[in-house]
Amino acid sequence: MADEPETPPEEQTAETETIPEADPEIQETVMDAMTGSRKDDTGYNIDAMLNVGLNVEIVLGKTRMPISSLLKLSRGSIIELDKKIGEPVDVVINDRLVARGDLVKMAEDRVGVSLIEIVKDYVSDK
């Protein structure tokens, strides 16, 4: 990571510049959950990690199928998932469930996730 050149702000993608923020008075943030909502200097010092990239996945659902069925899939095949329409999707960061949310339509026919629940089990007590 030290060998990677730092991307100038003008070359950053639109994804990082246009993330809408939630109303701060409504709910706690993921950062609050990680630091225990401490406002003094006794909280974790994570300033050095704030620019580390993480893999964020939005999981619509899951299924399990035998290899024989998987090999028969072709264009137009339908894979049934374990979730129903309207159920919250899972927000997974680095293979850990951290939140749940509802799918929302964004500008230019894009899709986003409106967070409705922060999963606190992912924050360790240590």
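Worth saying up front: this structure is predicted, and the values here are computed from it rather than measured.

Caption draft 1: Here's a closer look at the pattern of salt bridges. Across all of its chains, the model carries 4 salt bridges by this definition. The residue aspartate 90 makes a salt bridge to arginine 100 at a minimum N-O spacing of 3.5 Å. Of this pair, aspartate 90 sits in strand β2 (residues 89–93) while arginine 100 sits in strand β3 (residues 96–105), placing them 10 residues apart in sequence. Residue class for arginine 100 comes out partly exposed when judged on its relative accessible area of 26%. With its nearest N and O atoms 3.6 Å apart, the salt bridge here joins aspartate 109 to lysine 105. The exposure classification of aspartate 109 matches that of lysine 105, with both residues exposed. When salt bridges with common partners are traced through the structure, they connect Lys83, Asp90, Arg100 and Glu117 into a single cluster.

Caption draft 2: Quick look at the sheet that holds β3. An order of β1-β2-β3-β4 is seen for the 4 strands of this open sheet, with the pairing classed as antiparallel. Of all strands in the sheet, those with a lone pairing partner are β1 (56–59) and β4 (111–118), marking the two edges. Geometrically, the sheet is characterised by an average inter-axis angle of 40° between neighbouring strands, direction not taken into account.

Analysis parameters
Residues numbered from 1 in each chain as written. Predicted model: local features only at pLDDT ≥ 70, side-chain atom pairs only at ≥ 80, totals over all residues. Heavy atoms only, no water. Salt bridge = Lys/Arg side-chain N within 4 Å of Asp/Glu carboxyl O. Helix = DSSP H or I, 4+ residues; strand = E, 2+ residues; numbered from the N terminus. Buried < 20%, exposed > 50% of the residue type's maximum accessible area, 1.4 Å probe, protein only. Pairing = 2+ DSSP bridges. Axes fitted to C-alpha atoms, helices over the stretch in contact; angles between N-to-C directions.

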